[in-house]
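Next come the chains, spelled out residue by residue.
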Amino acid sequence: MFLTTGGINRTYAIKGIVNATSKKTLLAEEIDKVDQYDELYEEIKRRLAKRATALNGDAVIEVRFIPEIVRVSVGPKYMLLHGYGTVISFPRKK
């Protein structure tokens, strides 16, 4: 299983689209960590791969990530990361 933000130059069949969202609450003392998305990216990649496997896919292509900081007027800030991509499978040789 692999994920790529680009396409591939090979014959494949589209199995579907997968997506995943993850969030992290930032406490007052963590407010300077708003640019530290690494953990969220890893979690999203794992979730996309798991969902692609459930569709009997071999890869997820054209993966896109949308990072967002959500501010709540009285509460903490949230770091959100949404990821999505197209699940594909390669033809099997007989």
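Residues numbered from 1 in each chain as written. Predicted model: local features only at pLDDT ≥ 70, side-chain atom pairs only at ≥ 80, totals over all residues. Heavy atoms only, no water.

- As recorded in an unreviewed UniProt entry, the chain goes by the name Heavy metal-binding domain-containing protein, listed as coming from Ligilactobacillus agilis.

## A word on the packing of aromatic side chains
The geometry of an aromatic ring pair is captured by two quantities: the separation of the ring centres and the angle between the planes.
Here comes step 1: Going through the model one piece at a time under the given rule, you end up with two aromatic pairs.
Here comes step 2: With a centroid separation of 6.4 Å and 20° between ring planes, the pair formed by Phe 2 and Phe 90 is classed as stacked. Of this pair, Phe 2 sits in strand β1 (residues 2-3) while Phe 90 is found in the segment after β4 (77-89), placing the two residues 88 residues apart along the sequence.
Here comes step 3: An angle of 70° between the planes, with centres 4.9 Å apart, marks the rings of Tyr 41 and Phe 65 as edge-to-face. Residue Tyr 41 is found in helix α1 (residues 38-54), and its partner Phe 65 is found in strand β3 (residues 59-70); the two are separated by 24 residues along the sequence.
Here comes step 4: Overall, the relative accessible area of 26% leaves Tyr 41 in the partly exposed class.
Here comes step 5: Judged by its relative accessible area of 25%, Phe 65 is partly exposed. (Phe/Tyr/Trp six-rings, centres within 6.5 Å; stacked < 30°, edge-to-face > 60°. Helix = DSSP H or I, 4+ residues; strand = E, 2+ residues; numbered from the N terminus. Buried < 20%, exposed > 50% of the residue type's maximum accessible area, 1.4 Å probe, protein only.)

## Quick notes on the environment of Ile 44
Here comes step 1: Tracing the chain through its elements places Ile 44 in helix α1.
Here comes step 2: Counting along the chain gives 21 residues from Ile 44 to Phe 65, while the straight-line C-alpha distance between them is 8.9 Å.
Here comes step 3: In contact with Ile 44, not counting residues within four places along its chain, are Ala 20, Thr 21, Ser 22, Phe 65, Leu 81 and Gly 83. (Contact = heavy atoms within 4.5 Å.)

## Looking at the pairing of β4
Each regular strand shows side chains that alternate between the opposite faces of the sheet.
Here comes step 1: Two elements, strand β2 (residues 13-26) and β4, share 13 bridges in a ladder whose sense is antiparallel. Counterpart to Ile 17 in the pairing with β4 is Thr 86. (Pairing = 2+ DSSP bridges.)

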